[in-house]
Amino acid sequence: MENLERKRVAILATNGFEESELLKPKAALEKAGAQVEIVSDRTGNIKSWKDGQWGTEVSVDKTIDQVSQSEYNALMLPGGVMNPDTLRKNRNAVNFVKSFFENHKPVGAICHAPWMLSEANVLNNRKVTSYGSIKTDLVNAGANWVDEEVVVDEGLVTSRTPDDLNAFCSKLVEEVYEGKHEEQVA
């Protein structure tokens, strides 16, 4: 397994994130040695969504207006329907996502999280996957959408559902380990 010591990863999330899609990648990154921080549009705790109801709460480390991509080596975006749908309306959150692409840093997005990539206008000519219901949104944003367990395109890691988390986490750790990708552009 890759050693991510001295690597810092931001997980951008708000209320309604899919529980497993935040907790499992966070655990995989931390197991590999990364320092992981939860960044949100609010302070305190944010609530997960699990099996059609509110689930585990996680503590927010920093708010979106307190951070810059320069503090992190990579960004991870969990899915859930509510989470990215709320965050894509927040200009600071969208700009934060875009800044990782502008600086060639790895980004992981699973399930509905690629909505944030669409909003940040970073999908043109990128090969991605997602939850099937947002395929048309991503294609309309210029993406080459495929139905695969995990897709890696120059530092961008995408997956479809919680069923794909093992493959997603493995590739995310690998891409964070590799670091900047010059072809990872906005």
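Residues numbered from 1 in each chain as written. Predicted model: local features only at pLDDT ≥ 70, side-chain atom pairs only at ≥ 80, totals over all residues. Heavy atoms only, no water.

(A) Broad picture of the sheet that holds strand β3 (residues 35-40). Pairing is mixed in the open sheet, where 7 strands are placed in the order β6-β3-β1-β7-β8-β12-β11. Edge positions in the open sheet fall to β6 (62-63) and β11 (150-153), since each of these has one partner strand only. Strand direction decides the pairing type here: β11 and strand β12 (residues 156-159), joined by 4 bridges, are antiparallel. Pairing of Val 151 across the sheet is with Thr 158, part of β12. Docked against the sheet, helix α1 (residues 19-31) engages β1 (8-12), β3, β7 (74-77) and β8 (107-110), running at close to 150° with respect to β3. Against the sheet, helix α6 (residues 165-178) makes contact with β1, β7, β8, β11 and β12, and its axis sits at roughly 175° relative to β12, the strand it touches most. (Pairing = 2+ DSSP bridges. Helix = DSSP H or I, 4+ residues; strand = E, 2+ residues; numbered from the N terminus. Contact = heavy atoms within 4.5 Å. Axes fitted to C-alpha atoms, helices over the stretch in contact; angles between N-to-C directions.)

(B) Looking closely at the nonpolar core. Grouped together as the largest cluster of nonpolar side chains are 31 residues, with contacts concentrated most on Leu 12, Leu 75, Leu 77, Phe 96, Val 97 and Leu 117. Of all the secondary-structure elements, those providing two or more residues to this core are β1, β7, α3 (91-102), β8 and α4 (114-119). Those residues in contact with Phe 96 that lie beyond four places of it in its chain are Ala 10, Leu 12, Val 39, Ile 64, Val 67, Ser 68, Gln 69, Tyr 72 and Leu 75. Counting 28 residues, the second largest nonpolar core, distinct from the first, contains Ala 28, Val 36, Ile 38 and Ala 167. (Core = buried A, V, L, I, M, F, W, Y, C linked by side-chain atoms within 4.5 Å. Buried < 20%, exposed > 50% of the residue type's maximum accessible area, 1.4 Å probe, protein only.)

(C) Molecular detail of the environment of Glu 174. Structurally, Glu 174 is set in helix α6. Residue classification places Glu 174 among the partly exposed positions, given a relative accessible area of 24%. Sequence separation of Glu 174 and Leu 12 is 162 residues, and the distance between their C-alpha atoms is 19 Å.

(D) Representation of the pairing of β8. The alternating pattern of β8 places Val 107 and Ala 109 on one face and Gly 108 and Ile 110 on the opposite face, and all of these are buried. By the bridge criterion, 3 bridges tie β7 to β8 in an arrangement that is parallel. Looking at the pairing, Met 76 lines up with Gly 108 of β8. When β8 meets β12, the two strands line up parallel, connected through 4 bridges. Each residue of the ladder has a partner; that of Val 107, found in β12, is Leu 156.

(E) Summary view of the sheet that holds strand β2 (residues 17-18). Ordered by their spatial adjacency, 3 strands build an open sheet running β2-β4-β5, and the pairing between neighbours is mixed. Of all the strands in the sheet, just β2 and β5 (53-59) have a single pairing partner and so form its edges.

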